[in-house]
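One letter stands for each residue in the lines below.
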Amino acid sequence: MALAAFTLGASAQEKTTKWYDNLKFSGYGMLQYQAEDKEGGEHNEFNLRLARFILDGKVGEFDWRAQIQGTNAKGPGEPTVQLVDLYAEWTKHKEFRVKVGQFKRAFTFENPTHPITQGWYSYANVINALSGFGDRTGEKSSGGRDIGLQVQGDILPNADGRALLHYQLGVYNGEGINSKDKDQRKDIIGGMWVMPVKGVRIGAFGWTGSRAGIGEKNRYALSAEYDKNEFTFRTEYLHSQGMGADASLGDKADGWYVFGIVPVVKSKLHAKARYQCYRKAKDWDSSKTMYEVGMNYYFTPKLQLNMEYARVNDRSIANPDKHNYNFVDVELDFRF
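Draft legend 1. Inspection of the packing of aromatic side chains at higher detail. If you walk through the whole model with that rule in mind, you get 19 aromatic pairs. Summarising the aromatic geometry, the rings of F107 and W207 are spaced 5.1 Å apart at their centres and angled 75 degrees between planes, so their arrangement reads as edge-to-face. Of this pair, F107 sits in the loop between β5 (96-104) and α3 (125-130) while W207 sits in strand β9 (residues 200-211); the two residues are 100 residues apart in sequence, bridging distant segments of the chain. For W207, a relative accessible area of 3% translates into the label buried. When the centroid spacing of 4.8 Å and the interplanar angle of 55 degrees are considered together, the rings of Y121 and F327 count as tilted. Here Y121, found in the loop between β5 and α3, pairs with F327, found in strand β16 (residues 324-335); they are 206 residues apart in sequence, far enough to count as distant.

Here it is as structure tokens:
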């Protein structure tokens, strides 16, 4: 609210500097209804998934962002308000850009996607577990972010000037958002992808680092995506080696997902399907598999209704007769 008041106050004044001209205030909200009939975990509830308020600006050759989030991350009635982004990026050359502060980790295609345009009730389970959301290591939910420094760029332009290769390399504390480095050892994350034709990306990522009290973590991801003319298809496989917060699960985990979102009525109605699996101990006895279908309806470009149904097979449930259950999610998402 303070950010909003500052921005509105600045807009009401006579604009005398370029700094004010380049200031932009925006945000979005996500309202949610969920239900599932999991044995011993049945629930049926409305929820405020999250709200975000964003300030973007430009000073000279630097772009900057400050983003605050409010969410029921701890559960209904236990809201969390926190700073999620605060960074500046030198953007003079598209071939070599430098970002410093708190921002998304350079790992996977899905991690940096917007929660609304991502299209589902949540990022895939393997992304949540191995990309710094509610991480396997016990790291607090950080929305895939960390504090550090990253270089990235788009190079090798073709005859039309479109870059064929993207690279990125980051050095981070390894503790998640709003946290200092507790073990004084940095996480190093890098990625690279080729873009042979417009709309197609094929990439690979690597991550090595540690977390205080847990030890080393080494991860990689293989990714492929087609995104053009409202058709989106993406698949990723992630693998992790290193102990998690639950030592009984061993030192390996992996998972994958594949989805498609296609227009039924252009710019109005999209159909979607996703298959995903996360194995928290890299074996089938610990696997959670979801088969999902749904629709996204756009009232306007900034107001949409997302609906999905999932059949879940969770083999970590002790009773084999209770492995399967149903899950429903409905969300109303808006931007401003």
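So much for the structure itself; the text now carries on.
Draft legend 2. Main features of the pairing of strand β7 (residues 163-172). β7 sits mainly inside the fold: 7 of its 10 residues count as buried. Two strands pair when backbone bridges link them, and strand β6 (residues 145-157) and β7 are joined in this way by 9 bridges, in the antiparallel orientation. Within β7, the position partnered with D154 by the bridge is H166. A loop of 5 residues connects β6 with β7, the two strands running antiparallel in sequence, and G161 in this loop sits at a positive phi of about 90 degrees.

Draft legend 3. Geometry of the pattern of salt bridges. Scanning the entire structure with this criterion turns up 23 salt bridges. Here E216 and R185 are joined by a salt bridge, their closest N and O atoms 3.5 Å apart. Placement of the pair is E216 in strand β10 (residues 215-228) and R185 in the loop between β7 and β8 (187-194), with a sequence separation of 31 residues. Within the structure, one salt-bridge network assembled from shared partners comprises E110, R201, E225 and R234.

Draft legend 4. Inspection of a nonpolar patch on the surface at higher detail. Taken together, the side chains of L31, L48, F299 and L332 make up a nonpolar region of the molecular surface, amounting to roughly 340 Å² of accessible area. Along the polypeptide, F299 turns up in strand β14 (residues 287-300).

Draft legend 5. Examining the side chain of S223 more closely. Within the secondary structure, S223 is located in strand β10. The buried category is assigned to S223, whose relative accessible area is 6%. A distance of 2.5 Å separates polar atoms of two side chains, one belonging to S223 and the other to E236. If sequence neighbours within four positions are ignored, S223 has contacts with F109, R201, I202, G203, F205, T235 and E236.

Draft legend 6. Region of interest: the nonpolar core. One finds F107, V126, I127 and L238 to be the most contacted residues of the largest nonpolar core, which totals 27 residues. Of all hydrophobic cores here, the second largest spans 7 residues; its members include Y121, V312, Y325 and F327.

Draft legend 7. Inspection of the environment of Y123 at higher detail. Checked against the element boundaries, Y123 lands in the loop between β5 and α3. Sequence separation between Y123 and E236 is 113 residues, and the spatial gap between their C-alpha atoms is 12 Å. Excluding anything up to four places from it in sequence, Y123 contacts K104, E110, N111, T113, H114, P115, Q118, N128, F133 and R274. Of note is the side chain of Y123, whose polar atom sits 2.6 Å from the backbone oxygen of T113.

Draft legend 8. Summary view of the pairing of strand β11 (residues 231-241). Bridge count for β10 against β11 is 11 bridges, and the pairing is antiparallel. Paired with A221 across the strands is L238, a residue of β11. In textbook terms, the turn of a hairpin is the stretch between consecutive antiparallel strands, and for β10 and β11 this stretch comprises 2 residues, one of which, N229, has a positive phi near 55 degrees. In this sheet, strand β12 (residues 252-265) lies alongside β11 in antiparallel orientation, the contact comprising 10 bridges. Looking at β12, one finds that F233 is bridged to G260.

Draft legend 9. Examining unusual backbone geometry more closely. Phi angles above zero are rare outside glycine, and N178 is one such case at about 55 degrees. Relative to the assigned elements, N178 resides in the loop between β7 and β8. The class of N178 is partly exposed, set by a relative accessible area of 39%. Positive phi outside glycine occurs at K282, with the angle close to 50 degrees. Position of K282 among the secondary structure elements: in the loop between β13 (269-279) and β14.

Calculation criteria
- Residues numbered from 1 in each chain as written.
- Predicted model: local features only at pLDDT ≥ 70, side-chain atom pairs only at ≥ 80, totals over all residues.
- Heavy atoms only, no water.
- Phe/Tyr/Trp six-rings, centres within 6.5 Å; stacked < 30°, edge-to-face > 60°.
- Helix = DSSP H or I, 4+ residues; strand = E, 2+ residues; numbered from the N terminus.
- Buried < 20%, exposed > 50% of the residue type's maximum accessible area, 1.4 Å probe, protein only.
- Pairing = 2+ DSSP bridges.
- Salt bridge = Lys/Arg side-chain N within 4 Å of Asp/Glu carboxyl O.
- Patch = residues over 30% accessible without salt bridge, like charges linked within 9 Å, V, L, I, M, F, W, Y side chains within 5 Å.
- Areas by Shrake-Rupley, 256 points an atom, 1.4 Å probe, with all protein chains shown as cover.
- Polar contact = N/O pair within 3.5 Å; in protein donor to acceptor, adjacent residues only side chain to side chain.
- Contact = heavy atoms within 4.5 Å.
- Core = buried A, V, L, I, M, F, W, Y, C linked by side-chain atoms within 4.5 Å.

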